[in-house]
Amino acid sequence: MATDHVEQLELTINQLIEKHERIKRERDSMEKKLQQKEIEWHHLKGQLRQYERERIELRDKLDRILGQFANLDLRE
C-alpha cells in the first residue's frame, strides 16, 4: 500500500516536472518572439523618423519652388 502512494507521488512529481519544462520552453519561445517584435518595432520607428524628415525636406523644397513662382512677374 505504501508503495502505491510512493508510485503515485513519483508519477505526480514527474508530471509536474514535465509541465514545468513545457512551460519554460513556451516562455523562452515567447521571449524570443518578443525580442524579434521589439527589433522590428525599433526598425519601423527609425523608418518613420526617416520618412518624417524626408517629408519636411520635400515640403521645404516645394515651398521654395512655389516662392520662386510667386516672385516671378507673370503678368502679360
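Preceding this section is the structure that the text describes.
Here is a short report on the structure shown in this document. Numbering of residues starts from 1 in each chain and follows the order in which that chain's sequence is written. Only residues with pLDDT of at least 70 are given local features in this predicted model, and only at 80 or more are side-chain atom pairs given and counted; all residues enter the totals for whole chains, interfaces and linings. Side-chain numbers come from the whole structure's heavy atoms, not from hydrogens or water.

**What about the environment of Arg64?**
Next up, step 1: Each helix is a run of DSSP H or I of at least 4 residues and each strand a run of E of at least 2, with the numbering of both proceeding from the N terminus. In this fold, Arg64 is placed in helix H1 (residues 2–71).
Next up, step 2: Here the alpha-carbon distance between Arg64 and Leu34, two residues 30 residues apart in the chain, equals 45 Å.

**Here's the deal with a nonpolar patch on the surface**
Next up, step 1: The patch calculation keeps residues exceeding 30% relative accessible area without a salt bridge and links them within 9 Å when they carry like charges or within 5 Å when they are nonpolar (Val, Leu, Ile, Met, Phe, Trp, Tyr). All accessible areas in this document rest on Shrake-Rupley with a 1.4 Å probe, and a residue is counted as covered only by the protein chains that are shown. Salt bridge, as applied in this entry: a Lys or Arg side-chain nitrogen positioned within 4 Å of an Asp or Glu carboxyl oxygen. Side chains of Leu62, Ile65, Leu66, Phe69, Leu72 and Leu74 sit close together on the surface and give an oily, nonpolar patch of about 620 Å² of accessible area.
Next up, step 2: Examined against the element boundaries, Leu62 turns out to sit in helix H1.

**Some remarks on the pattern of salt bridges**
Oppositely charged side chains are able to pair whenever their charged atoms sit close together.
Next up, step 1: Under the criterion given, the structure shown has 4 salt bridges.
Next up, step 2: Asp28 is the salt-bridge partner of Arg27, the closest N and O atoms lying 3.3 Å from each other.
Next up, step 3: Between buried and exposed lies partly exposed: a residue is buried under 20% and exposed over 50% of the maximum accessible area for its type, with that area taken using a 1.4 Å probe on protein chains only. Among the residues examined, Asp28 registers a relative accessible area of 30% and is labelled partly exposed.
Next up, step 4: Salt bridges sharing partners connect three or more residues here, namely Arg27, Asp28 and Glu31.

**Considerations on a negative patch on the surface**
Next up, step 1: Asp and Glu count as negative and Lys and Arg as positive, but His and the ends of the chain are not part of the count. We put the charge of a Lys on NZ, of an Arg on CZ, of an Asp on CG and of a Glu on CD. Taken together, the side chains of Glu54, Glu57, Asp60 and Asp63 make up a negatively charged region of the molecular surface.
Next up, step 2: As for its position among the elements, Asp63 is in helix H1.

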